There are 2 protein chains.
Amino acid sequence: MLKDKGEQRTSLASLGEFGLIDHLTANLKCTQPSTVKGIGDDAAVLDFKSKKIVVSTDLLVEGVHFDLSYMPLKHLGYKAIVVNLSDIYAMNATATQVTVSIAVSNRFPLEALEELYKGIQMAAEVYKVDVVGGDTTSSTKGLLISVTAIGEVEEENITYRNGAKENDLLVVTGDVGGAFLGLKVLQREKSVFEVNPNNQPDLDMYTYIIERQLKPEARKDISKLLHDLDVKPTSMIDISDGLSSEIMHLCKQSKVGCNLYEDKIPLDPQVISTCEEFNIDSTMVALSGGEDYELLFTVRQEDFPKIKANPNFSIIGHITEAREGIHLVTRANTKIPLKAQGWNAMDEQE
Amino acid sequence: MLKDKGEQRTSLASLGEFGLIDHLTANLKCTQPSTVKGIGDDAAVLDFKSKKIVVSTDLLVEGVHFDLSYMPLKHLGYKAIVVNLSDIYAMNATATQVTVSIAVSNRFPLEALEELYKGIQMAAEVYKVDVVGGDTTSSTKGLLISVTAIGEVEEENITYRNGAKENDLLVVTGDVGGAFLGLKVLQREKSVFEVNPNNQPDLDMYTYIIERQLKPEARKDISKLLHDLDVKPTSMIDISDGLSSEIMHLCKQSKVGCNLYEDKIPLDPQVISTCEEFNIDSTMVALSGGEDYELLFTVRQEDFPKIKANPNFSIIGHITEAREGIHLVTRANTKIPLKAQGWNAMDEQE
């Protein structure tokens, strides 16, 4: 995608730093009532009245968090925003603003950054957040994106990681494991392409999981949905590192244990079929895959009737006393201790 | 400094991502009343009551913004915070929180990041800001620091870049040009060291300008001082790129012109003597040097008596109609158009 196919290439040096920022941010419009002043001064000015503010920040590094040989820049810009908004939604808050800083080597022409910003702008429009600041600078190698997301929330709705109580139900939104398998498919296609550049991949049977990897969505809808259902979660976290790791964060901070039921973990049919194709255990993928950007939360037992029939939610376990530990209850009804495993562990395990 | 001198080196991989963040942030204490929840959840939670919030973000890249061969990591951590706070003070606001994200290659041992965080912690203590979030990740090359600074301000005190009016006085705090000359000295010493590693540099005569480069301070004091003097600036900006560039920003956004008087520009004696030694024009250094982190602002003529005798302030010019343009009035009383020049232009000019 970054190879020269005869398209226009404008060197970044020809614009200068201020010209570049002005150019890239010209299409960004502020629409949030809380944005008093966006880009263009020493700092943005925001006004949240009596509401509480939530702030989260993330750094995405080329070669570590993304590979531009299969990640289009527009998708990358979109994803960089979405993964940060996910942290805001995990506080049961509404995302309102982001700042975006980019370090980029001179191998990237202006047109590449324009693509990146198209994705940023699209995410800002879809999620109704204002881009209110940023910094664009050169790097000695590769592309790096730092995003800080800001949101607002009424004090009584803030949901921390540390509020889970014994007997609470453990709930996850959507389905899990797809983003990791999407990456697996893309990595395989890259290997095939490197051997035979004329090979045309047929990815129709992987559209859902590839989209989960390249263009994930954050669960903007859940906060309102829970509010409408009159459910206040007792704890909440977003799934960026994998279900297993996030359950352990919730339990550690809430000082509780947990039983997770293998047969309750929601999996998309494409996840199941692709796991069979790759000969990987689908539960392992769900537990350790990461990048799903679904929300994991706990609710009190008495809220069960309010959420049981909702297709957005799967009740996957329940909270126990801390001394009972954190376990996966398998389909064969054996209890095995849950471990936090990231992608590295997964790759080694294959 | 990063060479192995037999000191302890702990590999970052041995801690894992979560262990690393916990370890580095263990000593950071939140003291701001507006910090409800700091590090440890999906997002920090802040409460500014009825005040307005200002947000600014900056990215520092090794090999672009700093050179670790003469920038100790502790100083770098300190400076990374200070340069961001400077943007908050330039809004006439009080800095309250920062988030700090770091991307680091595996060439850095844990002890190096501990040094960096010592500087971050020191700046947080000196400037009374809370470190409320961050991300630590690996990079494929070098060290990169992204800081987002947050501050609070009463609505009536917010000072933008665009409020300068005809006949306003142009005022600068402290003195300018030192940070650039400090860098020049350090670069020279590095060249000498590369030729003769046994050479012991004598830097006593450059202590002020080297400190301006390695451990700059932001003007936290000015907002309160102006308030105490009952002066409300009509516009304000911080000097990060150089006096010339910042004057042009103020004038462009305020749609005014300006006369800047060469003989009024405040220079430290070390700046003057070092300019003579390097055979550089001191006015050029003051205009284009950058990284001084002083504040540049405009006040109404009637506020002149309130600031004229204050040693923190130098009145260096006055605002004109836009069509008169932006000029430097030289010591020889000739008017020459001001140009925005950064460090690159300076290096070419030598």
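Quick notes on the rules
- Residues numbered from 1 in each chain as written.
- Chains lettered and ligands numbered in written order.
- Predicted model: local features only at pLDDT ≥ 70, side-chain atom pairs only at ≥ 80, totals over all residues.
- Heavy atoms only, no water.
- Pairing = 2+ DSSP bridges.
- Helix = DSSP H or I, 4+ residues; strand = E, 2+ residues; numbered from the N terminus.
- Axes fitted to C-alpha atoms, helices over the stretch in contact; angles between N-to-C directions.
- Contact = heavy atoms within 4.5 Å.
- Parallel < 35°, antiparallel > 145°, perpendicular 65-115°, else oblique.
- Buried < 20%, exposed > 50% of the residue type's maximum accessible area, 1.4 Å probe, protein only.
- Buried area = accessible area lost by both parts, 1.4 Å probe.
- Salt bridge = Lys/Arg side-chain N within 4 Å of Asp/Glu carboxyl O.
- Polar contact = N/O pair within 3.5 Å; in protein donor to acceptor, adjacent residues only side chain to side chain.
- Nonpolar A, V, L, I, M, F, W, Y, C, P; charged D, E, K, R; others polar.
- UniProt positions renumbered as here; feature names shortened; annotations may be inferred.

Taken together, 6 strands build an open sheet; the order of strands is β1(A)-β2(A)-β3(B)-β6(B)-β4(B)-β5(B) and the sheet is mixed. Two strands in the sheet have a free side with no partner beyond their single neighbour: β1 (35–37) of chain A together with β5 (130–138) of chain B. Strand-to-strand twist of the sheet, defined as the mean angle between neighbouring strand axes without regard to direction, takes the value 20 degrees. Here strand β4 (residues 94–104) of chain B runs beside β5 of chain B; their pairing, made up of 8 bridges, is parallel. Bridging across to β5 of chain B, Ile-102 of chain B finds its partner in Thr-136 of chain B. The sheet strands contacting helix α3 (residues 110–126) of chain B are β4, β5 and β6 (143–153) of chain B, and the helix crosses β4 of chain B at an angle near 170 degrees.

This paragraph deals with the packing of helix α5 (residues 207–214) of chain A against helix α8 (residues 269–278) of chain A. Geometry of a packed helix pair, given as the angle between the helix axes and the separation of the axes. All names here are of chain A. Their axes nearest at 8 Å, the elements α5 and α8 cross at an angle of 100 degrees. In this view, α5 runs roughly perpendicular relative to α8, as classed from their interaxial angle. On α8, the residues touching Thr-207, Tyr-208 and Ile-209 of α5 are Gln-270, Val-271 and Thr-274.

Residues and elements named next belong to chain A. Burial analysis of strand β7 (residues 169–173) places 5 of its 5 residues in the buried class, which makes it a mostly covered element. The alternating pattern of β7 places Leu-169, Val-171 and Thr-173 and Leu-170 and Val-172 on opposite faces, both of which are buried. Across 5 bridges, the pairing between β7 and strand β11 (residues 313–320) is antiparallel. Looking at the pairing, Val-172 lines up with Ser-314 of β11.

Tallying the contact residues gives 59 residues for chain A and 59 residues for chain B. When chain A packs against chain B, the two sides together hide about 4,400 Å² of surface, and 55% of this comes from carbon and sulfur. At the junction of chain A and chain B, the tally comes to 6 salt bridges. Of the charged contacts in the structure, one is a salt bridge between Asp-41 of chain B and Arg-161 of chain A, with a shortest N-O distance of 3.8 Å. Remark: the boundary between chain A and chain B carries 20 residue pairs in polar contact (both at pLDDT 80 or more). For the side of chain A that touches chain B, the class distribution of residues is 24 nonpolar, 19 polar and 16 charged. In the sheet, strand β2 (residues 44–46) of chain A pairs with strand β3 (residues 52–61) of chain B via 3 bridges, with the strands oriented antiparallel. Across the sheet, the residue bridging to Ala-44 of chain A is Val-55 of chain B, located in β3 of chain B.

Further remarks concern unusual backbone geometry. Residue and element names in this part refer to chain A. At Lys-128, a residue that is not glycine, the phi angle is positive and equals roughly 55 degrees. Looking at the secondary structure, you find Lys-128 in the loop between α3 (110–126) and β5 (130–138). In this model, Glu-291 sits at a positive phi of 65 degrees, which is unusual for a non-glycine residue. Inspection of the secondary structure assignment puts Glu-291 in the loop between α9 (282–288) and β10 (295–299).

When the UniProt feature table is mapped onto this chain, "binding site: Mg(2+) 2" (unreviewed entry) is found at Asp-58 and Asp-87 of chain A. Despite a sequence span of 30 residues, these residues sit close together in the fold, their greatest C-alpha distance being 9.5 Å. Tracing the sequence through the fold places Asp-58 of chain A in strand β3 (residues 52–61). The exposure class assigned to Asp-58 of chain A is buried, which follows from its relative accessible area of 18%. Residues within four places of Asp-58 of chain A in sequence aside, it is in contact with Val-83, Asn-84, Asp-87, Ile-145, Ser-146 and Val-147 of chain A together with Asp-135 of chain B. Note on placement: Asp-87 of chain A falls in helix α2 (residues 73–89). In this view, Asp-87 of chain A contacts Ser-56, Asp-58 and Asp-238 of chain A together with Asp-42 and Ala-43 of chain B; residues no more than four positions away in its chain are not counted.

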